[in-house]
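Next come the chains, spelled out residue by residue.
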Amino acid sequence: MSFPATRLRRLRKTKPLRDLVRETQLSPEHLVQPLFVTAGEGVRESIEPMPGVDRLSICETVAEVTELAAAGVRAVLLFGLPSSKDEFGTEAYDDEGVVQMAVRALKEAHPEVVVITDVCLCEYTSHGHCGVLREGAHARTGTGGDAEIVVDNDLTIELLAKTAISHAEAGADAVAPSDMMDGRVGAIRHQLDEEGHSGVPIIAYSAKYASAFFGPFREAADSAPQSGDRRGYQMDPANAEEAVREARLDLEEGADVLMVKPALPYLDVVRRVKDATGAPVAAFHVSGEYSMLKAAAANGWLDERAAAIESLIAIRRAGADIVITYFAKDAAAWLAEEAVRR
């Protein structure tokens, strides 16, 4: 029935009415807080381009998760900053590596918190790429004259599977391969099952784009490539159908959750992947998205709280079941305040 009989504003008149018909819900249970774990003791080091986010030693990580759990955030995603790096990223799969030790400490202190580990080599390799470089890769040039970095896909997935096993043995609740190597989900699933970790789910970075929005993270994790870039293995930002193909392949290989990264510039991809697969979908609200909102708020151009919550709702509305965001702790507090007001 058309206007004037139909007036959609009737259900917007008061807050209780708006709450009653709200289509998309956001709660702390949907959120995952990324954490940067570094070697050392008593370390809480601020990250300049990411205000409010710190590099944390293991004891400080446990303390931070205590606060997160109190705020209602039930899951964290760990990134490791090793004490040393080499061409093969060997500290990534060291049983006494910083992530492995952090997992053990967290599961002892907070068994109720879901501990997810990032499985990649970029933070651990001296060259900053997500896998082992082929011999002579630095000398190759592409048609445009840029350095063409060639990662050895098959050797890399062996090391990624080894890394995932070390995380599972330390007690990780889930592993999240973020490298974008072909076949790595299948290799990790096979190895986990073979070594008695069939119950550990894989949260696959299925559609990880070669994005300009990763800049602050690379400073935080000291993981910027020393030469070339990652366009040879991360996705072209212009492609969406390819993301659906990647997601379907990961499902076939044994992924339990599919991820799209970044989130806000790729909400259409989140929706496509959700509609095409019906699988649980995560979206990573990445460092650049976080830093932009923080910078705009610091300059008085945006209301940080309102803009952050609106962004997270948008990601949920697009189809994400899980939202990985550096705002998780703050958002949980804001949502709790809102619930009290009701």
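Residues numbered from 1 in each chain as written. Predicted model: local features only at pLDDT ≥ 70, side-chain atom pairs only at ≥ 80, totals over all residues. Heavy atoms only, no water.

A. The arrangement of the overall build of the protein chain in detail. A tally of helices and strands in the protein chain yields 11 helices and 10 strands. Its C-alpha atoms give the protein chain a radius of gyration of 21 Å, near enough to 20 Å, the size a compact globule of 342 residues would have. In terms of overall dimensions, the protein chain has C-alpha extents of about 70 × 45 × 45 Å along its principal axes. Looking at the protein chain as a whole, 52% of its 342 residues are labelled buried. Long-range pairs, those at least 24 residues apart, make up 73% of the contacts in the protein chain between residues at least 6 apart in sequence. By element, 50% of the accessible surface of the protein chain is carried by carbon and sulfur atoms, the whole surface being about 15600 Å². In the protein chain, 36 side chains carry a positive charge and 54 a negative one; their mean positions are 13 Å apart. (Helix = DSSP H or I, 4+ residues; strand = E, 2+ residues; numbered from the N terminus. Rg over C-alpha atoms; globule rule 2.2 N^0.38 Å. Buried < 20%, exposed > 50% of the residue type's maximum accessible area, 1.4 Å probe, protein only. Contact = heavy atoms within 4.5 Å. Areas by Shrake-Rupley, 256 points an atom, 1.4 Å probe, with all protein chains shown as cover. Lys, Arg positive; Asp, Glu negative; His and termini not counted. Charge placed at Lys NZ, Arg CZ, Asp CG, Glu CD.)

B. Region of the structure containing a nonpolar patch on the surface. On the surface, Leu11, Leu20 and Val21 cluster together into a nonpolar patch covering about 300 Å² of accessible area. As for its placement among the helices and strands, Leu11 is situated in the segment before α1 (15–20). (Patch = residues over 30% accessible without salt bridge, like charges linked within 9 Å, V, L, I, M, F, W, Y side chains within 5 Å. Salt bridge = Lys/Arg side-chain N within 4 Å of Asp/Glu carboxyl O.)

C. Region of the structure containing empty space enclosed by the protein. Inspection of every chain in the model, using the stated rule, returns 1 cavity of 30 Å³ or more. Of the pockets and cavities examined, the largest cavity occupies roughly 80 Å³. Residue composition of the lining of the largest cavity, by class: 4 nonpolar, 2 polar and 6 charged. (1 Å grid on protein atoms, 1.4 Å probe; cavity = no way out; pocket = protein on both sides within 12 Å on 5 of 7 lines; lining within 4 Å. Points joined across faces, edges and corners; volume = space filled by probe spheres on them. Nonpolar A, V, L, I, M, F, W, Y, C, P; charged D, E, K, R; others polar.)

D. View of the side chain of His30. If you trace the backbone, His30 turns up in the loop between α1 and β1 (31–38). Setting aside residues up to four positions removed in sequence, His30 forms contacts with Gln25, Arg316, Asp321, Ile322 and Val323.

E. Representation of the packing of aromatic side chains within the structure. As enumerated under the stated definition, the model contains 11 aromatic pairs in all. Geometrically, the ring pair formed by Phe36 and Tyr326 is stacked, given 6.2 Å between the ring centres and 5 degrees between the ring planes. Of the two residues, Phe36 sits in strand β1 while Tyr326 sits in the loop between β10 (322–325) and α11 (328–341), which places them 290 residues apart along the sequence. A single burial state applies to Phe36 and to Tyr326, both of which are buried. Through a chain of ring-to-ring contacts, the aromatic side chains of Phe36, Phe79, Tyr205, Phe217, Phe284, Tyr290, Tyr326, Phe327 and Trp334 assemble into a single cluster. Just above the ring of Phe217 sits the side chain of Lys261; from NZ or CZ to the centre is 5.4 Å. (Phe/Tyr/Trp six-rings, centres within 6.5 Å; stacked < 30°, edge-to-face > 60°. Lys NZ or Arg CZ within 6 Å of the ring centre and 35° of its normal.)

F. Quick look at the pairing of strand β9 (residues 281–285). Of all 5 residues in β9, 5 are buried, a share of seventy percent or more. The two faces of β9 match: Val281, Ala283 and His285 on one face and Ala282 and Phe284 on the other face are all buried. Strand direction decides the pairing type here: strand β8 (residues 257–261) and β9, joined by 3 bridges, are parallel. In the strand pairing of β9, Val260 is matched with Ala283. In terms of handedness, the path from β8 via helix α8 (residues 267–277) over to β9 forms a crossover that is right-handed. Relative to β10, β9 runs parallel, the two sharing 4 bridges. Residue pairing across strands places Phe284 opposite Ile324, the latter belonging to β10. (Pairing = 2+ DSSP bridges. Right-handed = clockwise from strand over helix to strand, strands pointing away.)

G. Summary view of unusual backbone geometry. In this chain, Phe3 is followed by Pro4 through a cis amide linkage whose omega measures 10 degrees. As for its placement among the helices and strands, Pro4 is situated in the segment before α1. Residue Pro262 is bonded to the preceding Lys261 through a cis peptide linkage, with omega at -5 degrees. You will see that Met180, though not glycine, has its phi angle at about 70 degrees, which is positive. By the secondary structure assignment, Met180 is in the loop between β6 (174–177) and α5 (184–194). Taking relative accessible area as the criterion, Met180 reaches 4% and is therefore assigned buried.

H. Spatial organisation of the nonpolar core. Among the nonpolar cores identified, the biggest contains 109 residues, and Phe36, Leu77, Leu78, Ile188, Val269 and Phe284 are the most heavily contacted of them. Of all the elements, helix α4 (residues 153–170) adds the most residues to this core, at 8 residues. Residues in contact with Phe284, not counting those within four places in the same chain, are Pro34, Leu77, Phe79, Tyr205, Met259, Val260, Lys261, Pro262, Ala263, Glu289, Ile324 and Tyr326. (Core = buried A, V, L, I, M, F, W, Y, C linked by side-chain atoms within 4.5 Å.)

I. Up close: a positive patch on the surface. Taken together, the side chains of Arg7, Arg9, Arg10 and Arg12 define a basic patch exposed on the protein surface. Relative to the helices and strands, Arg7 is located in the segment before α1. Given the relative accessible area of 43%, Arg7 is considered partly exposed.

J. Molecular detail of a negative patch on the surface. A cluster of acidic residues, Asp94, Asp95, Glu169, Glu194 and Glu195, forms a negative patch at the surface. Along the polypeptide, Asp94 turns up in the loop between β4 (75–81) and α3 (98–109). Look at Asp94 and you get partly exposed, because its relative accessible area is 33%.

K. Main features of the packing of helix α7 (residues 241–253) against α8. Where α7 contacts α8, the axes come no closer than 9 Å and their chain directions differ by 45 degrees. Classified by the angle their axes make, α7 and α8 are oblique. For the pair α7 and α8, the crossing hand works out as right-handed. Residues Glu241, Ala243, Val244, Ala247, Arg248 and Leu251 of α7 form the contact with α8, whose own contacting residues are Val269, Arg272, Val273, Ala276 and Thr277. (Axes fitted to C-alpha atoms, helices over the stretch in contact; angles between N-to-C directions. Parallel < 35°, antiparallel > 145°, perpendicular 65-115°, else oblique. Left-handed = near helix turned anticlockwise from the far one by under 90°.)

Note that every value here comes from positions in space, so none of it alone points to a role or purpose.
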